Amino acid sequence: MHEDISVLELEANELYSSMLTADNPVHINTKLNRLEAKLGKERLLSYPQYLTLPLTNVCNARCIFCGYTEKAHKVFVKPEDLKKLQWLRFVERINVNGGYGDSLANPFFGDIVNYIHKLSPNSCLSMTTNGIGLTEKIIPPILGHMSFILFSLNAPDPDSWGTVMQCRSAGSVFHRMVALLKDVCRNKPSQLKIGLSMVVFKDNLHLVEDFMHLSHEIGVDSVVLTQYYPISFYGNKNLSNDKSLYYCKEESDKAFLNAEKIAKFYGIVLNRPRLFSEEQSKCAGRCYQPFNQCILTNYESADSRNDVTPCCVGYRFGLDWDYSLLDDEYFMNKIWNNAVLRFFRRYQYNNNIDNAYCRTCCDRDRFDPLQTKHFLAAIDRMSLYSRALVEENPEMF
């Protein structure tokens with residue numbers, strides 16, 4: 001067994017050396033990252049396979065299910081801000097949004113996409129956007145360089161869209177977006193996949209069927225239906241807990257099952273929540289996200305505060321970052337191999353147990369409003385434990 005590990009570690013070192021000089025280093029980094037995760041390495045030579053990179057902290061909508069608040073200091077990333085991020089050429093998938101803010105609200109979005117594609121033509125670019133900032137000018141870089149875009153439309157008609165998104169001139173904006181989306185879907189290359197998403201809660205549950213029909217009319221490849229979760233990590237939401245689907249479970253299951261039938265009829269890929277009548281999933285086993293995924297966020301309410309997490313649930317490590325610092329050395333030592341994140345990798349690798357702050361491997365329903373206090377308490381315990389461990393035992397890292 002020890003000999004096998006030695007062989008694998010030798011292979012890892014060889015992959016790292018070849019990755020640094022390769023014309024197409026993406027697939028080598030991916031192979032190296034998977035090998036290091038298999039070995040349970042805490043300090044990684046490989047870069048993340050999946051990166052989320054926010055381009056602005058500004059949003060042009062005020063969704064009633066979101067905790068976004070307008071920032072006094074508005075940040076719009078420019079292409080020159082990314083010049084230190086030469087390590088992007090190693091990353092397999094780059095998601096150009098993260099935390100609060102909509103990437104299409106950034107006036108430099110098209111130039112940024114062009115720059116990243118030129119730097120790393122073998123990386124797959126994706127994003128989630130509300131689509132309000134979609135224009136004919138932005139469409140060319142989207143069609144030429146993006147691999148997947150999820151448009152968070154959230155409603156099937158102008159009136160309901162205006163209610164949910166809290167956007168001015170809802171009627172004209174909604175119709176303009178739908179027309180542009182149809183144009184994108186008609187002219188997109190085969191490698192670009194387009195999806196629509198809808199956050200579903202008690203008051204708009206009856207609109208799910210219409211949303212599925214509109215998705216077919218637009219011509220998207222997939223639909224993502226997510227339920228409104230009353231637990232908030234990053235701010236106040238304008239929907240009360242009793243608006244969640246936990247207060248209309250039977251009606252919710254019927255709506256999602258009907259959406260499944262419609263999706264199958266139209267040939268649309270559907271991603272829906274677990275039905276309330278379905279058994280809560282059990283722990284899936286060891287999680288590799290702390291090894292392969294890095295999400296840079298701007299969720300914090302303080303204007304200057306950013307954070308890092310390996311998981312979409314948004315567990316905050318307190319690892320502040322800034323674009324001006326994200327060169328190769330800083331990213332690898334201060335962010336990607338930070339002591340707290342290395343501890344988290346150790347915890348995940350050596351403890352094949354349910355993770356209280358994970359939406360996938362937890363064997364209890366953490367979105368149930370009745371379990372909110374239990375879940376948040378577990379979050380606090382893990383957060384305090386990880387940070388205290390690092391502060392009290394710096395020699396371990």
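Scroll up to find the structure this text is about.
Residues numbered from 1 in each chain as written. Predicted model: local features only at pLDDT ≥ 70, side-chain atom pairs only at ≥ 80, totals over all residues. Heavy atoms only, no water.

Turning our attention to the overall build of the chain. Along its length, the chain carries 12 helices and nine strands. Here the chain holds 397 residues, and 54% of them are scored as buried. Put simply, of all contacts in the chain between residues at least 6 apart along the chain, 69% involve residues at least 24 apart. Summed over its atoms, the accessible surface of the chain is roughly 18400 Å², and 50% of this surface lies on carbon and sulfur atoms. (Helix = DSSP H or I, 4+ residues; strand = E, 2+ residues; numbered from the N terminus. Buried < 20%, exposed > 50% of the residue type's maximum accessible area, 1.4 Å probe, protein only. Contact = heavy atoms within 4.5 Å. Areas by Shrake-Rupley, 256 points an atom, 1.4 Å probe, with all protein chains shown as cover.)

Take the side chain of Lys188 next. Among the structural elements, Lys188 can be located in the loop between helix H6 (170-187) and strand E5 (193-200). Here the side chain of Lys188 touches Leu192 through a polar contact of 2.8 Å, landing on its backbone oxygen. Once you skip the residues sitting within four places of it in the chain, Lys188 turns out to touch Leu143, Ile194 and Asp221. (Polar contact = N/O pair within 3.5 Å; in protein donor to acceptor, adjacent residues only side chain to side chain.)

The next point concerns the sheet that holds strand E3 (residues 124-129). With mixed pairing, nine strands are arranged side by side in an open sheet as E7-E6-E5-E4-E3-E2-E1-E8-E9. Single-partner strands in this sheet number two, and they are strand E7 (269-271) and strand E9 (307-309). The mean inter-strand angle of the sheet, taken between neighbouring strand axes irrespective of direction, is 15°. Pairing geometry for strand E1 (residues 50-52) and strand E2 (residues 93-95), over three bridges, is parallel. Its bridge partner lying in E2, Thr52 is registered against Asn95. On top of the sheet, helix H10 (residues 328-336) reaches strand E8 (293-297) and E9; it is set at about 90° to E8, its chief contact. (Pairing = 2+ DSSP bridges. Axes fitted to C-alpha atoms, helices over the stretch in contact; angles between N-to-C directions.)

With that out of the way, let us pick up helix H2 (residues 26-39). End to end, H2 covers 20 Å across 14 residues, agreeing with the expected 20 Å (1.5 Å per residue, within 8%). With 10 of 14 residues buried, H2 lies mostly within the body of the structure. Within H2 the residues assigned to the buried category are Val26, Ile28, Asn29, Thr30, Leu32, Asn33, Leu35, Glu36, Ala37 and Leu39. Among the residues trailing H2, Gly40 stands out with phi positive, at a value near 75°. (Expected span 1.5 Å × (residues − 1).)

Time to look at unusual backbone geometry. Phi is mostly negative for residues that are not glycine, and the peptide bonds are mostly trans. With a phi angle near 70°, Asn154 is a residue other than glycine that sits in the positive phi range. Note that Asn154 resides in the loop between strand E4 (146-152) and helix H5 (158-165). Positive phi, normally seen in glycine, also occurs at Gln166, with a value near 55°. With respect to the secondary-structure elements, Gln166 resides in the loop between H5 and H6.

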